[in-house]
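# Observations on the model geometry
For reference, the chains in residue letters:
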Amino acid sequence: MIKMKSLKKEFLLNSISYILLSISVTVIVITIIMIGFIKQEANTKNNAIMDTISAHVEMTLQEPVNMISYTENFFSHDVDHDSQLDSFLNFLLYQKYLVSNIYMLDEKGKIVSTSPPNNDIIGNDFSRYPFFYEVKNSDNTYWSNVFFSYETKNPKVSISKKFKDRVIVCSLELGEIAELLKSIDIGKDNYIALVDVTGRYIAHTDSTFVDNRLIDPYYNKENIIDSNNDSIDYFGVQMNPNIRKIPHSNWTIIVYQSQKDILNSISKLVLSSILISLIVSIFAITLNRSKIEKLFSVINKITNGIKIVSNGDYENELALCPYNDLNNIINPFNEMTARLATKEATIRENEVKILEMNKDLEQQVILRTEELEFANEELEKSFSDLQSTQNMLIQSEKLAALGELVAGISHEIRTPLGALVTINSFMEVHVKDLDKLYTSGKLSKKHLRHFIDKITDSVALANMNINRTTDFVDSLKKTSINQLNSDKYEFNVCTVINDAVTTMSLELKKNNIEVNIECEEEIKIFASPNGISQSIINLIHNAIKHAFIDMESGVLKIIVTMNAEELQIIVIDNGCGVSEENIPKLFDTFFTTARDHGGTGLGLNIIMDLLEKLYDGTIECESIINEWTKFTIKIPQKKDS
Amino acid sequence: MGIYALQEVYMKKLILLIGLMLLLVSCKSNTIKIGFAGSLSGQYFELGMASKNGFELAIEKINKNGGINGMKIIPVIKDDESNLERAHEIINEFAKEEVKYIVGLGTSNMTPVILKALAEYDMLFVSPTMSTPLLAQKDDNFIRVTETHLIEVKRISQFLSDNLEARKISVILDLDNEAYSKSYYENLVKDFEEFGGTTLKAYELTGDDRNYNEVCTNILKDDSDALVLITNTTDASNILQNLSKLNYSNPIIASGWCATNELITHSGQTAEGVYSIRTTTTDPNREEYKEFMSRYDEKYREVPSFASFLAYDSVQVLTEGLNKTNSLDTVDVKNSIIAIKDFTGVEINFLIDEYGECDRKRFLSQIIDGEFIVIDE
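Reading the values: rules and limits
- Residues numbered from 1 in each chain as written.
- Chains lettered and ligands numbered in written order.
- Predicted model: local features only at pLDDT ≥ 70, side-chain atom pairs only at ≥ 80, totals over all residues.
- Heavy atoms only, no water.
- Core = buried A, V, L, I, M, F, W, Y, C linked by side-chain atoms within 4.5 Å.
- Buried < 20%, exposed > 50% of the residue type's maximum accessible area, 1.4 Å probe, protein only.
- Helix = DSSP H or I, 4+ residues; strand = E, 2+ residues; numbered from the N terminus.
- Contact = heavy atoms within 4.5 Å.
- Disulfide = S-S within 2.5 Å.
- Polar contact = N/O pair within 3.5 Å; in protein donor to acceptor, adjacent residues only side chain to side chain.
- Pairing = 2+ DSSP bridges.
- Buried area = accessible area lost by both parts, 1.4 Å probe.
- Salt bridge = Lys/Arg side-chain N within 4 Å of Asp/Glu carboxyl O.
- Nonpolar A, V, L, I, M, F, W, Y, C, P; charged D, E, K, R; others polar.
- Axes fitted to C-alpha atoms, helices over the stretch in contact; angles between N-to-C directions.
- Patch = residues over 30% accessible without salt bridge, like charges linked within 9 Å, V, L, I, M, F, W, Y side chains within 5 Å.
- Areas by Shrake-Rupley, 256 points an atom, 1.4 Å probe, with all protein chains shown as cover.
- Lys, Arg positive; Asp, Glu negative; His and termini not counted.
- Charge placed at Lys NZ, Arg CZ, Asp CG, Glu CD.
- Parallel < 35°, antiparallel > 145°, perpendicular 65-115°, else oblique.
- Left-handed = near helix turned anticlockwise from the far one by under 90°.
- Phe/Tyr/Trp six-rings, centres within 6.5 Å; stacked < 30°, edge-to-face > 60°.

Let us now look at the nonpolar core. In terms of nonpolar packing, the biggest core is built from 67 residues, with Leu 160, Ile 169, Leu 318 and Ile 337 of chain B touching the most fellow members. At 10 residues, the largest contribution of residues to this core is made by helix 11 (residues 306-324) of chain B. Non-local contacts of Ile 337 of chain B, meaning those with residues more than four positions away in its chain, are made with Leu 124, Ile 143, Val 317, Leu 318, Gly 321, Phe 343 and Ile 352 of chain B. Formed by 49 residues, the second largest nonpolar core is a distinct cluster that contains Ile 49, Met 104, Ile 159 and Ile 184 of chain A.

Working definition of a disulfide: a covalent bond connecting the sulfur atoms of two cysteines. All names here are of chain A. On inspection of all chains with the given rule, the structure shows one disulfide over all chains. Bridging Cys 494 to Cys 519, the disulfide has an S-S length of 1.6 Å. In this structure, the disulfide formed by Cys 494 and Cys 519 twists by about -75° around the S-S bond and is classed as left-handed. Of this pair, Cys 494 sits in helix 9 (residues 493-503) while Cys 519 sits in strand 13 (residues 513-519), and the two are 25 residues apart along the sequence.

Attention now goes to the side chain of Ser 623 of chain A. All names here are of chain A. You can see Ser 623 is positioned in strand 17 (residues 618-624). Here Ser 623 falls in the buried class, since its relative accessible area comes to 16%. Looking at Ser 623, its side chain comes within polar contact range of the main-chain oxygen of Trp 628, at 3.0 Å. Setting aside anything within four residues of it in sequence, one finds Ser 623 in contact with Gly 577, Val 578, Ile 583, Trp 628 and Thr 629.

Residues and elements named next belong to chain B. An order of 11-12-13 is seen for the three strands of this open sheet, with the pairing classed as antiparallel. Each edge of the open sheet carries a strand with a single partner, namely strand 11 (342-344) and strand 13 (358-359). Here strand 12 (residues 349-352) runs beside strand 13; their pairing, made up of two bridges, is antiparallel. Of the residues in strand 13, the one forming a bridge with Ile 352 is Cys 358.

The next subject is the interface of chain B and chain A. When the parts of a complex come together, some accessible area is lost, and that lost area is often taken as the interface size. Contacts between the two partners involve 28 residues from chain B and, on the opposite side, 24 residues from chain A. Summed over both sides, the interface between chain B and chain A buries roughly 2100 Å², with carbon and sulfur atoms accounting for 47% of that surface. At the junction of chain B and chain A, the tally comes to two salt bridges. For the side of chain B that touches chain A, the secondary-structure elements that each account for two or more residues are helix 2 (45-64), helix 8 (233-245), helix 9 (261-267) and helix 10 (287-300) of chain B. When grouped by side-chain class, the residues that make up the side of chain B that touches chain A number five nonpolar, 12 polar and 11 charged.

The next thing to look at is the sheet that holds strand 3 (residues 101-103) of chain B. Residue and element names in this part refer to chain B. The five strands are arranged 2-1-3-4-5 in an open sheet whose pairing can be described as parallel. Across the chains shown, the open sheet's two edge strands, defined by having one partner strand only, are strand 2 (72-79) and strand 5 (142-144). Between one strand axis and the next, the sheet turns by 25° as a mean value, whatever way the strands run. Pairing geometry for strand 1 (residues 31-38) and strand 3, over three bridges, is parallel. Residue Phe 36 lies in a different strand from strand 3, and its bridge partner there is Val 103.

Turning to a negative patch on the surface, a few remarks are in order. A cluster of acidic residues, Glu 370, Glu 373, Glu 377, Glu 378 and Glu 380 of chain A, forms a negative patch on the protein surface. Positionally, Glu 370 of chain A belongs in helix 7 (residues 324-440).

Bringing the packing of helix 3 (residues 84-96) of chain B against helix 4 (residues 111-120) of chain B into the picture now. All names here are of chain B. Packing of helix 3 against helix 4 brings their axes to within 9 Å, and their N-to-C directions diverge by 25°. When the interaxial angle is binned, helix 3 and helix 4 end up roughly parallel. Read as a crossing pair, helix 3 and helix 4 show a hand that is right-handed. Contacts between helix 3 and helix 4 pair Leu 84, Ala 87, His 88 and Ile 91 from the former with Pro 112, Val 113, Lys 116 and Ala 117 from the latter. Along the lines of polarity and charge, the residues of the contact of helix 3 with helix 4 split into six nonpolar, one polar and one charged.

A few words on the environment of Ile 30 of chain A. Residues and elements named next belong to chain A. Examined against the element boundaries, Ile 30 turns out to sit in helix 1 (residues 7-76). When its relative accessible area of 39% is taken as the criterion, Ile 30 is described as partly exposed. Separated by 239 residues in the primary sequence, Ile 30 and Leu 269 place their C-alpha atoms 9.6 Å from one another.

On to the packing of aromatic side chains. Summed over all chains, the structure comprises 24 aromatic pairs over all chains. An angle of 70° between the planes, with centres 4.8 Å apart, marks the rings of Phe 126 of chain A and Tyr 129 of chain A as edge-to-face. Judged on exposure class, the residue Phe 126 of chain A and its partner Tyr 129 of chain A are both buried. A centroid spacing of 5.5 Å and a plane angle of 50° characterise the contact between Tyr 44 of chain B and Trp 257 of chain B, whose relative ring orientation is tilted. Placement of the pair is Tyr 44 of chain B in the loop between strand 1 and helix 2 and Trp 257 of chain B in the loop between strand 9 (252-254) and helix 9, with a sequence separation of 213 residues. On the basis of relative accessibility, which here comes to 2%, the residue Tyr 44 of chain B falls in the buried class.

Structure representation (structure tokens):
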């Protein structure tokens, strides 16, 4: 099911989305560019700061460098250095406000002169200070580690160099550098630090770092800060260090740029961008919305026009609008409306006709229905007649069978009876002859012997015929009893089958049909034997009438087997067989291939019906044309029987 | 709003408040503050700075190893500026900031500050370098990892008498640290007398204007056999320099207070031969010592002084006490420290007795070729 949407809403939402998306992308791109710009700006600013500090430090340190140079000059002249030493040192110190003290040491490290003059320390042994022992055997200028005046807490550094047998030591006040650092506006969370060669802070934006004599945590023994770190943890704050080494002193300026500071700048930028983009978005969306409203008012007019038309007013024509795209809908719609109007008129005309036609049709339907009802009654009547006819046919089949049975019985009995009559006549003649001979007195032993032999033969023959008749009657009786009696009891199946065969013996003999029965002696079942008996009789009858109809002789085999599940009786003949297309119809009512020969087509149907009713049994047929036909009766054995 | 609704509103607020408080409490319990009080400026700044360095080094190591019972140590460092008044102020600041455990103070002149703090606040002090006997043998919240100078004084007296065969000594003392130097001097006089000696004169240095030359000139005039310096390093080095210029040749003994490496630096060759009874290690291969030296050099780029070792030991003692007890009560921690008794120091093992007093071996040393060499264990 298609979900219904509002076009106007979709237009609005889409336009808002696209506006916001494009503005967002723009903001993001600008932000990314600006972040780089901000970082670059920060670096530029830091570089400028480092330049300033470096220049100032250079300038500051230039003083002692100049002093060293002046001293070199002093010692290069061939003058009495000792006597001029004091004035020279004062000269050095003159207006050199950053150098607080100058000492001149002898080769043993003892002070020979100071500036400002301090007689108390003349002769003091400074030999264990690094500024002496580091230069006493070297031509290098020595820059000491920063130390601190305990009165002022200001950092100081000593610079010393050996000149001939003298070592000049300048103590440089670095407080001004510290003041310079503090005066630079680096930003709230940023720091500027100046460290000496050991990493100790000479100056720091936060003076406590200097007061506490802290060492920069990232200044390792090789005096290198790993400047590849973009970000480091500086006393709990994420910072980006910018490093610059100062050549003369090997001091290092480090500007710690707080990431928070950069992030603040970036977030300000981002917020501004977002704000601007929101304002622009609102403006754009408002403009866009008004445009959409205009468009949809036109669409609404079209919609209303269409509604009017849909209500049946085909005279209503939609007015054209300023949009070509919509006019491409309006024009065809108007044409369609005109066509609809024409068609409607035609339809109305046809409606009337159809109504009239409907009336006719209704009449016809009524008539037809009456006819059909009558026909149905007739059919029902015919069906009822057919059923009666079927019953009559079944009855007449039964009567026919009975007639045949009676005919068979009559023949079977008449034959031995006839024999008995003949024998009786013969014996009557011989008795009369014997009587004549006895009466005439001519009866001899020979005549008596001859008479006895003849009578004996006759009696034997008579007995045989009597027995034959008795057996036949017994069989018949059993069969009829079986047929008449539907009571269930245990009976020997083979015996019942034998009896049934016997009952048909005349017919079998007449048609030269041999019957072979294969049956185990002890096959017994608990049921009514009537069905089996009747089935065998009917199958034999069927075989005679159909299987062996054009044959001079035939063989019928009856095989009886029994297992736990069922009793199976196979009746197989070597007759003409049944065609494949007829096999399925064999058990159908009135189906016969011998109607011309008086076949009713009920025999097998009766067997099937009987087996089903009496035993829940079945019968099947298999056949090969001109070879054999096999009927298989299956009677299931109930477990509780 | 009905009464039940109001009750509900207040109940919710109360639950929120309790939750916040619990949160705060739970947040707080993850850290513990340990204060450092020392002279980071002023005349005793060298001792203070050296102590601070040792303190920081110890805190760093403990935090790296997980803190105290899982609590990270927050160091709170304050500078008493070598000034009593400022020292009182920083104690008050510590109290306001709820710092109960303090490594400090550094110099014996701060004794009144300690006494006042112990009386007014629930604090536990572990001092690295205060050796005044005025705080000795008291059942209080004061522990130190250095001995009182009484033993040092006795040994010096014995050394002067037995080894140097000195019968008369001169003494220079810094009265700005009266609590240390006066007590040191008085015990020296007493002990030296017991050994058959006499203290001829005590020269007192006080204030900013110290005329070392005059003092040294007068000492030369004394007919003394030896000189004992009960001063800070700066004074001691100035005295040595002046004495050298005056060709003073008698043995000089520096008290433990000024027997530092800075003395050697500031005094140059004039410090050669100076004796001292000082704390040191006789086993430079000792694991704790080697580790300390390596870390100190890496962090501070300088040679540590005795105060650095003692401050480090102070932190160790405090944290071992805190670790042993689950309580944060200062008395419980103190008792815990006393119960531990035996401590492994950086330079040497030491004992803390039931009064929080330290028993640490000191060694007779002499400055030879710019180094303190142990000459008698």
